[in-house]
There are 4 protein chains.
Amino acid sequence: MEQKVRFAIIGAGRIGQVHAENLTRHIQEAEVVAIADVVQEAAEQTAQRFGIAQASGEPEEVFGREDVDAVAICSSTETHADFIIQAARAGKHAFCEKPIALDLPAVDAALAAVAENGTKLQIGFNRRFDPNFRNIRDAVRSGEVGTPYLVQITSRDPAPPPLSYIRGSGGLFLDMMIHDFDMARFLLDDEVEEVSASGAVRVDPAIGEAGDIDTAVVTLRYVCGALGVITNSRQAVYGGDQRVEVLGSLGSILCENNTPDRVIRQTEAGVVHAKPLYFFLERYMAAYADELRSFISAIRDDTEVEVTGRDGRAPVALALAAGRSYRENRAIALSEISPP
Amino acid sequence: MEQKVRFAIIGAGRIGQVHAENLTRHIQEAEVVAIADVVQEAAEQTAQRFGIAQASGEPEEVFGREDVDAVAICSSTETHADFIIQAARAGKHAFCEKPIALDLPAVDAALAAVAENGTKLQIGFNRRFDPNFRNIRDAVRSGEVGTPYLVQITSRDPAPPPLSYIRGSGGLFLDMMIHDFDMARFLLDDEVEEVSASGAVRVDPAIGEAGDIDTAVVTLRYVCGALGVITNSRQAVYGGDQRVEVLGSLGSILCENNTPDRVIRQTEAGVVHAKPLYFFLERYMAAYADELRSFISAIRDDTEVEVTGRDGRAPVALALAAGRSYRENRAIALSEISPP
Amino acid sequence: MEQKVRFAIIGAGRIGQVHAENLTRHIQEAEVVAIADVVQEAAEQTAQRFGIAQASGEPEEVFGREDVDAVAICSSTETHADFIIQAARAGKHAFCEKPIALDLPAVDAALAAVAENGTKLQIGFNRRFDPNFRNIRDAVRSGEVGTPYLVQITSRDPAPPPLSYIRGSGGLFLDMMIHDFDMARFLLDDEVEEVSASGAVRVDPAIGEAGDIDTAVVTLRYVCGALGVITNSRQAVYGGDQRVEVLGSLGSILCENNTPDRVIRQTEAGVVHAKPLYFFLERYMAAYADELRSFISAIRDDTEVEVTGRDGRAPVALALAAGRSYRENRAIALSEISPP
Amino acid sequence: MEQKVRFAIIGAGRIGQVHAENLTRHIQEAEVVAIADVVQEAAEQTAQRFGIAQASGEPEEVFGREDVDAVAICSSTETHADFIIQAARAGKHAFCEKPIALDLPAVDAALAAVAENGTKLQIGFNRRFDPNFRNIRDAVRSGEVGTPYLVQITSRDPAPPPLSYIRGSGGLFLDMMIHDFDMARFLLDDEVEEVSASGAVRVDPAIGEAGDIDTAVVTLRYVCGALGVITNSRQAVYGGDQRVEVLGSLGSILCENNTPDRVIRQTEAGVVHAKPLYFFLERYMAAYADELRSFISAIRDDTEVEVTGRDGRAPVALALAAGRSYRENRAIALSEISPP
């Protein structure tokens, strides 16, 4: 049997714990040798919970460890690019949560470091590993829908995050819709060359006072000529709502929401089906494990990762273009944001 | 029993025949005393088929008949406004197919004539009488979805019309999406104040050569602040696809497509459900009868019609705004098209 | 154009009015020249409502009329067989509601009279004309499910009929399940040779006191060797529930319930779909018209009717066998009820 | 933290491996100290695969080990009762696959040994831990469907097992429908007092030649008076089909099949949904882990197990009654099989 890939996890927050659980319990090909968090107590608690030998309050320490093959960067967004650079320089592979950074120069610096050092970098666009979306992408790629006409992506959170989170998030386009920008590229395997964005504050006026929007519609034009549309809402009280559809010359392929069960209640009040899974962690539970399995395979087999640095950069550019389109009330070519 | 409303039908084409069948066979409160078409033979054939006593090759004749209470204007679009004016001046109520005209001055002249003469005018936005859409509109109006956030309208024809039709249609926004602009206003009972349109030729290059598009995404901003999005495609090979959804603070209400049956086949090849009803005539069969019943009730009870001249005008303005947005690649305020 | 088929309707109750409406308004190939009911006032009211020229308080009168080609027998069950005989002897075709009679000798006498006089007799098993069930029957006949293994028929009324009705109904097997016995034969195009019945009083003890049951399960063995099962309940508070499924070597084909619309509400309380159509008249509205169209075609083209006297007899025999099985708590071969 | 429950697994076949994987990888509260199989090589391979320290070719050895708290009995059916007895005498708790035995005296001897020694015994009716069925059971128990009228259980395997398996299986009622007999009791929390069975050979004549049937319908009468029906088929080519429904005075609650995804393809050929999960291992993956978690909780908290020895006995009695009913073609009271 090949050797296990030895991980250090940076960041012991919600997503760091998800990865810790998957790496320690559900993925046989990995082991976790250390976890680090600027809040040392958080690192220690998570270490204890998942039986991780070392816990540290200084994330940078992990890059110097010889027993670390790869790092999982789960810290706050503003640290991502720098940790990617440090990992690359230390010869460590990096799995990094999205987004890489909130501006393109920082993203580009990180990607350059990875390229120079020949390490691997995979971005945490976990939805690419969801069976529904993957099935649709594969169908499109195989020609099942024919020439693509239109991509429709509906994405709604069950409830808005705390205002404190929103203030540091970079805004809806960079924080929430970035997943959908990635999905838009993933589904058609094509680049978007123009975006046109509308936004509104409908869910909570406090979100507007914090300088953000909570409701948005963004129209996309792909290089191939197809159109796309993404709608986002920070609140859908019935649960997380994530549906995509691709229409083409041979038909349409779409997905409905995952539900906790398939039970139907028929009463005088109506015929009631299960609600969508409420929270993204439940919805994408399997996808979180599968993205790490994919990263580990790329390391062990020395193959290209499935979600590259370029895949991490493009949605940031799209989000920045969407922000400008929203402010200037006109369509924005991607070339205005990221000159070729 | 009250007297029946006596109709003359102008136009013996496809839609004229639909109305002839409903008025002669399925609506007890109406009778059809004459049908006219510039192609006299067409008028005669339809008259024979539905047992209509008089057939004429000169549409204007019907306005002089004393035994006509109301006219159903089913002729080509460029004649609509003039026939509405003639009907109003002759004291006849008019039921007119959409659109009233392809430019606002012509629309306004028609509405003015109706106002001066105190006759009734109802526009043939039949989808307002579809049980699915009506149910959703009623739910929104009753507060069931709370504060509206987002309206999503998907509208796809099974196949594009002939190129000859497209050339004279006024383009996708005025010919096809006009139904969806009406639906957008109907669902929220609110006006749209800004539109942003994208278009593409994906289905057939010949449509592009004819100066039109076949695929479009239009984003709407309502006066109340909600956003909307309409997507159109001239081709969905699996059938006519007409779905709408309204998301609000209390949840979402949407509809799936109507199908000819509820049969499910489970085989090794998959679990196969019925396709959507293919053609709009099948899909809206009951709605065509119900819009006429509503018009007849308004005449007999002397009440306001359910789809007014103003409801006929607004979607024309929206279509014109969408056209300009598409050409200028920027959001267009309705006030640019139709100054207040 | 061929001449219209001239009908007399016997019975002005609920089902008589359904047929009157279809024959006078929706079926161009028929006209109704008379309606008769032992309650003359009922006949007169229905005649006025649907514009029928003659109303009579003496049903037998219609058999002597020269301007009557066919009778629609919608009177109470105990009169069916006798009216069929009178119609046959008078050379009138007969469309008769189910069941022909509650005992086999009476059924056989009626069928013999029809055979002797060479008239046509069609039984009102309207569900055979429902698009869902017909689609499934056609699929089975075409070999789509392969060798049939199992037929499952679920049939539930929204609410039990009045006790007065139940007392004279012949019991659940002859009154309610008779439709499902017909469906069982229709779906596989095969005869049932053995039945095994269980019954219970669950909905209302008063039904038990009236000597009937309100809940039943009947297992069938077809001549071809396939099994079947019919479940009946007199009460399903969410609406009329009528589903069938045929499983075979190549898969399964089934149908879900028809609903008034395809609207879905997503709220914190759940995802709510439309309930099944409540009442059988709504559910089978189109089927009631189509069975008459089929009968009229058989008369005009002089072809075999689609639901024959034999099709009317077999479910009566099955219902009688089910009754005996229920009482004796054992499987009953059809040959015990109706020796070959 | 409490101590882990130390397991020995008896039987390294398909189901033994399922339990081994769950106990070693997914259930933190357990550890597996030994695995035994009469085929020593099988035990060794499974031990290596899941990192189990000891592998043995003599199952009886595990009862003498001091480091074993509980045994998981996954060997062939004829050994179950004896291993339960040995485990009880050795003071080990036992988790035993269904059925306990193919005759009631053997079952009763096993239950008596457990009772005498005060150990715990849980039967592997894993479907009780499926979220769909559990949700329905809970709804019935909470009164959500009101007075129960009718239980309908549909259970179809994707393909029949090998003939060699069928010959030693005890027949469809004891091998396949036993799960449904358990489900029937579980859903209503009530006993069945009478069964009436029909069977047929439709899938494969070789099954008939082996003395078994492959298609069956069994009607149940519950003590409370409700009726039930179970249908079984050894073959549904579209996948494992497991649906249940409970109808009562307040409505009906049912479940559809689980599918691998929620993708829908709309093409000219139809609207295609995902097929049911093909194999029972995929379908009940989570339920297999949850039944062991429940057993472990019962041990650690010293509480009653969720699926008792009595729950293991009753379905055997029902299967025996169904077999007699099928052979004698009459309803069989449970009191004939298992006198009170």
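About the thresholds
Residues numbered from 1 in each chain as written. Chains lettered and ligands numbered in written order. Predicted model: local features only at pLDDT ≥ 70, side-chain atom pairs only at ≥ 80, totals over all residues. Heavy atoms only, no water. Least-squares fit on C-alpha atoms with pLDDT ≥ 70 in both. Contact = heavy atoms within 4.5 Å. Buried area = accessible area lost by both parts, 1.4 Å probe. Salt bridge = Lys/Arg side-chain N within 4 Å of Asp/Glu carboxyl O. Polar contact = N/O pair within 3.5 Å; in protein donor to acceptor, adjacent residues only side chain to side chain. Helix = DSSP H or I, 4+ residues; strand = E, 2+ residues; numbered from the N terminus. Buried < 20%, exposed > 50% of the residue type's maximum accessible area, 1.4 Å probe, protein only. Pairing = 2+ DSSP bridges. Axes fitted to C-alpha atoms, helices over the stretch in contact; angles between N-to-C directions. Parallel < 35°, antiparallel > 145°, perpendicular 65-115°, else oblique. Nonpolar A, V, L, I, M, F, W, Y, C, P; charged D, E, K, R; others polar. Lys, Arg positive; Asp, Glu negative; His and termini not counted.

Colleague: Looking at this structure, I do not really get the relation of the copies chain B and chain C. What am I missing?
Modeller: Two chain copies, one operation linking them: a rotation about an axis together with a shift along it. Mapping chain B onto chain C leaves a residual RMSD of 0.0 Å; the transformation is a rotation of 180 degrees accompanied by 0.0 Å of translation along its axis. The symmetry that links the two subunits is that of a two-fold axis. Among all residues of chain B, the one whose C-alpha sits closest to the rotation axis is Arg25(B), at a distance of 3.3 Å. Interface overlap between copies is the fraction of interface residues in one copy that are interface residues in the other; for chain B against chain C it reaches 100%, indicating a shared surface.

Colleague: Would you mind showing me how to read the interface of chain C and chain D here?
Modeller: Think of interface size as the accessible area that goes away when the parts come together; that is how it is often given. Across the boundary between the two partners, chain C contributes 44 residues, which contact 45 residues of chain D. Interface area for chain C against chain D, summed over the two sides, is near 3,200 Å², with a carbon-plus-sulfur share of 50%. Where Arg156(D) meets Glu245(C), a salt bridge forms, and the shortest distance between an N and an O atom there is 2.8 Å. At the junction of chain C with chain D, the criterion picks out 23 residue pairs in polar contact (both at pLDDT 80 or more). Within the residue set of the side of chain C that touches chain D, elements represented by two or more residues are β7 (148-156), β8 (192-200), β9 (215-222), β10 (227-233), β11 (241-248) and β12 (251-255) of chain C.

Colleague: What is the right way to look at helix α3 (residues 77-89) of chain D in this model?
Modeller: Turn by turn, an α-helix covers 3.6 residues, leaving residues three or four places apart pointing in a common direction. Inspection of α3(D) places His80(D), Ala81(D), Phe83(D), Ile84(D), Ile85(D), Ala87(D) and Ala88(D) among the buried residues, and these make up the whole buried set. Following α3(D) by one or two positions, Gly91(D) adopts a phi angle in the positive range, close to 75 degrees.

Colleague: Help me out: how do you make sense of the side chain of Gln152(C) in this one?
Modeller: Along the chain, Gln152(C) falls in strand β7. At a separation of 3.4 Å, a polar atom in the side chain of Gln152(C) contacts the side chain of Thr154(D). The contact partners of Gln152(C), leaving out residues within four places of it in the chain, are Val229(C), Arg243(C), Val244(C), Glu245(C), Thr154(D), Arg156(D) and Thr231(D).

Colleague: What is the right way to look at the sheet that holds strand β3 (residues 54-56) of chain C in this model?
Modeller: Across a sheet, strands are paired by hydrogen bonds formed along the backbone, either parallel or antiparallel in direction. Residues and elements named next belong to chain C. The strand order across the open sheet built from six strands is β3-β2-β1-β4-β5-β6, with neighbouring strands paired in parallel fashion. One side of each edge strand has no neighbouring strand; the edge strands of this open sheet are β3 and β6 (121-123). Pairs of neighbouring strands in the sheet enclose a mean axial angle of 25 degrees, with direction left out of account. The sheet contact formed by strand β4 (residues 70-73) and strand β5 (residues 93-96) spans four bridges and is parallel. Looking across to β5, one finds that Val71 is bridged to Ala94. Packing of helix α3 (residues 77-89) onto the sheet brings it into contact with β1 (5-10), β4, β5 and β6, and relative to β4 it is tilted by some 180 degrees. Where helix α11 (residues 285-301) meets the sheet, it contacts β1, β2 (30-36), β4, β5 and β6, and its direction lies at approximately 165 degrees from that of β5.

Colleague: Any chance you could explain the relation of the copies chain C and chain D here in plain terms?
Modeller: Under the fitted operation, chain C is carried onto chain D by 0.0 Å of movement along the axis and a turn of 180 degrees, and the coordinates agree to an RMSD of 0.0 Å. Taken as a fraction of all interface residues of chain C, those also at the interface in chain D reach 100%, which identifies the copy contact as same-surface.

Colleague: Help me understand the pattern of salt bridges, please; the structure alone is not making it clear to me.
Modeller: For side chains bearing opposite charge, pairing can occur when the charged atoms are close. For the structure shown, the criterion picks out 112 salt bridges over all chains. Arg265(C) is the partner of Glu144(B) in a salt bridge, and the nearest nitrogen-oxygen pair spans 2.4 Å. In this pair, Glu144(B) is assigned in the loop between α5 (131-141) and β7 (148-156) and Arg265(C) in strand β13 (residues 263-267), connecting two distinct chains. The partner of Arg313(D) in a salt bridge is Asp108(D), and the shortest N-O contact between them spans 2.6 Å. Remark: Asp108(D) occurs in helix α4 (residues 104-117) and Arg313(D) occurs in helix α12 (residues 309-328); sequence separation between them is 205 residues. Overlapping salt bridges bring together Arg128(A), Asp182(A), Arg185(A), Glu191(A), Arg310(A) and Asp311(A) as one network.

Colleague: Explain the sheet that holds strand β2 (residues 30-36) of chain B here, please?
Modeller: Residue and element names in this part refer to chain B. Spatially, the six strands line up as an open sheet ordered β3-β2-β1-β4-β5-β6, and their pairing is parallel. Edge positions in the sheet fall to β3 (54-56) and β6 (121-123), since each of these pairs with one other strand and no more. Direction aside, neighbouring strands of the sheet carry axes that sit 25 degrees apart on average. Sheet topology places strand β1 (residues 5-10) next to β2; six bridges connect them, and they run parallel. By the bridge assignment, Ile9 is partnered in β2 with Ile35. Strands in contact with helix α2 (residues 40-50) are β2 and β3; relative to β3, the strand with the most contacts, it is inclined by about 165 degrees.

Colleague: How should I be thinking about the interface of chain B and chain C in this particular structure?
Modeller: Counting residues at the interface gives 29 residues for chain B, matched by 29 residues for chain C. When the two sides are added together, the surface that chain B and chain C hide from each other amounts to roughly 2,400 Å², 41% of it contributed by carbon and sulfur. Seen at the junction of chain B and chain C, the total is four salt bridges. One can count 19 residue pairs in polar contact (both at pLDDT 80 or more) joining chain B with chain C. Every element with two or more residues in the side of chain B that touches chain C is listed here: α1 (14-26), α5, β12 (251-255) and β13 (263-267) of chain B. Pairing between β13(B) and β12(C): five bridges, direction antiparallel. Paired with Arg265(B) across the strands is Ile253(C), a residue of β12(C).

Colleague: I would appreciate a short explanation of the pairing of strand β9 (residues 215-222) of chain B in the present structure.
Modeller: Residues in a regular strand project their side chains so that they alternate between the two faces of the sheet. All names here are of chain B. Of all the eight residues making up β9, eight are buried; the element is thus mostly covered by neighbouring parts of the structure. Where strand β8 (residues 192-200) lies against β9, eight bridges are found, and the strand directions are antiparallel. When the bridges of β9 are listed, Glu194 appears paired with Arg221. When β9 meets strand β10 (residues 227-233), the two strands line up antiparallel, connected through seven bridges. Opposite Leu220, over in β10, you have Gly228 as the bridge partner. Linking β9 back to β10 in an antiparallel pair, the connection comprises four residues, with Gly225 at a positive phi of about 105 degrees.

Colleague: Could you clarify how one ought to interpret the environment of Val217(D) in this entry?
Modeller: Residues and elements named next belong to chain D. Along the chain, Val217 turns up in strand β9 (residues 215-222). Residue classification places Val217 among the buried positions, given a relative accessible area of 0%. As for Val217 and Ala197, which are separated by 20 residues in sequence, their C-alpha atoms are 5.9 Å apart.

Colleague: Explain the packing of helix α4 (residues 104-117) of chain C against helix α12 (residues 309-328) of chain C here, please?
Modeller: Axes are the key here: two packed helices are described by the angle between their axes and the distance separating the axes. Residues and elements named next belong to chain C. Where α4 contacts α12, the axes come no closer than 10 Å and their chain directions differ by 175 degrees. With respect to each other, α4 and α12 are oriented roughly antiparallel. Along the contact surface, α4 presents Leu104, Val107, Asp108 and Leu111, while α12 presents Gly309, Arg310, Arg313, Val316, Ala317 and Leu320. When its residues are assigned to classes, the contact of α4 with α12 shows six nonpolar, one polar and three charged.

Colleague: For this particular structure, what's the right way to read the side chain of Asp261(A)?
Modeller: With respect to the secondary-structure elements, Asp261(A) resides in the loop between β12 (251-255) and β13 (263-267). Summary of buried charges: Asp261(A) has no salt-bridge partner, and the nearest side chain of opposite charge, Arg265(A), is 5.8 Å away. In terms of polar contacts, Asp261(A) uses its side chain to reach the backbone amide nitrogen of Val263(A), at 3.0 Å. A polar atom in the side chain of Asp261(A) sits 2.9 Å from the side chain of Asn135(D). Setting aside residues up to four positions removed in sequence, Asp261(A) forms contacts with Ala274(A), Asn132(D) and Asn135(D).

Colleague: Please explain unusual backbone geometry as it appears in this structure.
Modeller: If a residue is not glycine, its phi is most likely negative; likewise, a peptide bond is most likely trans. For the bond from Lys98(A) to Pro99(A), the omega torsion is -15 degrees, close enough to zero to count as cis. Summarising the element assignment, Pro99(A) is placed in the loop between β5 (93-96) and α4 (104-117). The residue Asn329(B) is not glycine, and still its phi comes out positive at about 55 degrees. We note that Asp189(C) has phi near 55 degrees; this positive angle belongs to a residue other than glycine.

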